[in-house]
Amino acid sequence: MKRFWLLAITLICLLPLSASAQRNVRFKDYFNNATLRIDYLRIGCMKHDTCILQRFAIQNDIWAGSTTQLMDPIDNGDYRLLVVDSKSRTELYSRCYNTLFGEYCFTIAGHDKDSVATFEEVMLMPLPKVPVEICLQKRDKNNQFVTTTTYHYNPTDNRLEKLRPRVKPLALHNNGDPHTRIDIVIVAEGYGKQDQRKMREDFDKFTSYLLGEEPFKSRADQFNLWGIGFLANESGVTDPNANRYVSSAVGSTYNIFNMDRYLMTTHLFQLHNLLAGCPYDHILIMANCDTYGGGAIYNYYAFSAVQEMSRFILPHELGHSIGGLADEYVEDDPNYNRRYENIEPTEPNITSLKDFQSKWQYLVPQGTPIPTTAPKGPMTNRDCGPVGAYEGAGYLAKGCYRPCPHCMMRDYAYFCPVCMKRMNEIFDLYTK
Ligand SMILES: [Zn+2]
Ligand SMILES: [Zn+2]
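These figures come from a predicted structure and were not determined experimentally.

*Asks:* Sorry, what's going on with the nonpolar core here?
*Replies:* The nonpolar side chains of a soluble globular protein tend to be buried with one another. Val 185, Ile 186, Val 187 and Ile 285 are the most contacted members of the largest nonpolar core, which has 102 residues in total. With 6 residues, strand 10 (residues 182-189) is the largest single contributor of residues to this core. Setting aside chain neighbours within four positions, we find Val 187 in contact with Ile 228, Val 250, Leu 274, Ile 283, Ile 285 and Met 286.

Listed below in structure tokens is the structure:
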């Protein structure tokens with residue numbers, strides 16, 4: 001009994017202490033107003049992977065992120081960066097994210113233990129003033145983050161290269177202090193020397209598409225949009241299906257992982273090199289090509305081709321890259337295979353109904369049957385329809401459910417209430 005009380009007192013003392021230790025982290029005690037860039041390679045397949053450090057460098061003289069929201073409160077993504085003070089063990093900074101490597105693992109090649117692939121990854125964080133441990137984490141089979149790789153950074157030992165800006169950023173929509181704004185850099189990709197004028201027009205087009213759709217529209221004064229334009233020798237991007245190979249600014253290509261309209265780049269170091277000196281929280285790549293295509297990964301980057309559907313592709317892809325939202329449509333692609341048989345997906349807008357309470361159950365009107373049957377007939381006026389749990393989401397026809405019959409993440413309707421709420425929560429992390 002005595003032992004029990006001793007344990008209870010210890011726990012009561014410890015719990016509030018560790019919580020307040022995080023709350024009391026003041027940015028200026030631990031960080032400089034500058035951006036540390038960490039380049040590493042992730043090598044492996046679905047079963048195992050390992051990360052190999054390439055370099056630390058200073059990406060920017062300022063830190064574009066928040067100086068008050070240092071720990072990521074949103075439990076999303078399959079990976080997390082966690083920064084710990086080496087001396088006191090206080091957790092100083094964290095961000096969840098996803099990777100192109102993670103997507104690869106859900107392809108046929110990624111499932112094969114003999115088919116090992118290498119991907120470049122880049123993490124940005126505020127530049128530490130004190131020695132820190134930089135932990136790269138990944139979810140285990142119970143969905144908990146565990147550290148797989150640790151890098152030690154010591155400001156007195158690590159000499160840092162300060163990366164020089166390659167291109168001057170164009171202010172497309174400027175609302176001041178990056179610390180309290182959502183800074184998106186739009187990178188022009190696939191523009192040749194003769195395309196300078198079109199590039200400027202496309203920057204304006206993308207700016208109006210982005211700020212024309214809710215929830216971006218009503219918070220337009222909280223965004224900074226920057227344009228980075230780099231003119232290559234030729235126009236367009238690589239499309240192996242059309243037998244077209246182009247040496248473009250960030251080396252992007254259609255048909256990534258054998259999926260025709262998956263337009264991405266694997267050249268992360270080259271991409272971030274072009275952005276040195278520009279304050280950015282998120283990257284949107286604007287590709288000068290008229291074939292339908294795009295793609296995006298949470299806290300990684302978003303891609304959209306400039307074509308007639310861009311008005312819709314663009315907010316959809318930012319739903320992935322900024323909001324960490326899942327696709328709500330069904331797709332039977334034999335190259336891609338993701339299942340949620342025994343777990344609840346981490347994305348906020350899909351559920352396997354294993355733990356519906358942790359998702360949007362509280363938004364479902366009383367008396368709504370779960371699963372819910374979608375009303376018949378086509379979508380009208382981009383209306384998402386009533387909240388319930390509709391089967392068919394996350395590429396799966398069975399066993400995965402979405403909040404509404406329609407959504408930006410399914411068929412370019414307006415963002416449904418669940419997706420809208422998450423986007424606004426994330427915007428708050430940058431602005432409050
Ligand atoms: Zn999508
Ligand atoms: Zn949705």
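Continuing now.
*Asks:* Help me understand unusual backbone geometry in this model?
*Replies:* Where the residue is not glycine, phi is negative for most of them; where a peptide bond is considered, it is trans in most cases. Omega for the bond connecting Glu 214 with Pro 215 falls within 30 degrees of zero, at 10 degrees, which places this linkage in the cis form. Inspection of the secondary structure puts Pro 215 in the loop between helix 5 (196-211) and strand 11 (223-229). For the peptide bond that leads from Ile 370 to Pro 371, omega is -5 degrees, which places it in the cis range. In this model, Tyr 412 sits at a positive phi of 65 degrees, which is unusual for a non-glycine residue. By the element assignment, Tyr 412 lies in the loop between helix 8 (408-411) and helix 9 (417-431).

*Asks:* Help me understand the environment of Thr 351 in this model?
*Replies:* Structurally, Thr 351 can be placed in the loop between helix 7 (310-321) and strand 15 (390-393). With 270 residues separating them along the chain, Thr 351 and Leu 81 place their C-alpha atoms 25 Å apart. Beyond its immediate stretch of four places on either side in the chain, Thr 351 contacts Glu 344, Pro 345, Phe 356, Lys 359, Ala 389 and Tyr 401.

*Asks:* Help me out: how do you make sense of the domain arrangement of the protein chain in this one?
*Replies:* Quite often, the size of an interface is put as the accessible area lost when its parts meet. As assigned here, the protein chain comprises domain 1 (21-161), domain 2 (170-321) and domain 3 (356-409). One C-alpha centre belongs to domain 1, the other to domain 3; they are set 34 Å apart.

*Asks:* I tried to follow the sheet that holds strand 11 on my own but got confused; where do I start?
*Replies:* Strands belonging to one sheet form pairs held by backbone hydrogen bonds; the direction of such a pair is parallel or antiparallel. One open sheet accounts for 6 strands, arranged 9-11-10-12-14-13; its pairing is mixed. With one partner strand each, in any of the chains shown, strand 9 (170-173) and strand 13 (294-297) form the two edges of the open sheet. Ignoring strand direction, the axes of neighbouring strands in this sheet form an average angle of 25 degrees. Summarising the sheet, strand 12 (residues 282-287) and strand 14 (residues 301-305) pair through 4 bridges and their orientation is parallel. Along strand 14, the bridge assignment pairs Met 286 with Ser 304. Across the face of the sheet, helix 5 comes into contact with strand 9, strand 10, strand 11 and strand 12 while running at roughly 35 degrees to strand 9.

*Asks:* Can you walk me through the environment of Leu 92 in this structure?
*Replies:* Along the chain, Leu 92 turns up in strand 4 (residues 91-97). Look at Leu 92 and you get buried, because 23 C-beta atoms sit within 10 Å. For the pair Leu 92 and Leu 82, spaced 10 residues apart in sequence, the C-alpha to C-alpha distance is 7.7 Å. For Leu 92, the residues in contact, after removing those within four places along its chain, are Val 25, Tyr 30, Leu 70, Val 83, Val 84, Asp 85 and Val 132.

Reading the values: the criteria
- Residues numbered from 1 in each chain as written.
- Chains lettered and ligands numbered in written order.
- Predicted model: local features only at pLDDT ≥ 70, side-chain atom pairs only at ≥ 80, totals over all residues.
- Core = buried A, V, L, I, M, F, W, Y, C linked by C-beta atoms within 7 Å.
- Buried ≥ 20, exposed ≤ 12 C-beta atoms within 10 Å, placed from the backbone.
- Helix = DSSP H or I, 4+ residues; strand = E, 2+ residues; numbered from the N terminus.
- Contact = placed C-beta atoms within 7 Å.
- Domains from an automatic or database assignment.
- Pairing = 2+ DSSP bridges.
- Axes fitted to C-alpha atoms, helices over the stretch in contact; angles between N-to-C directions.

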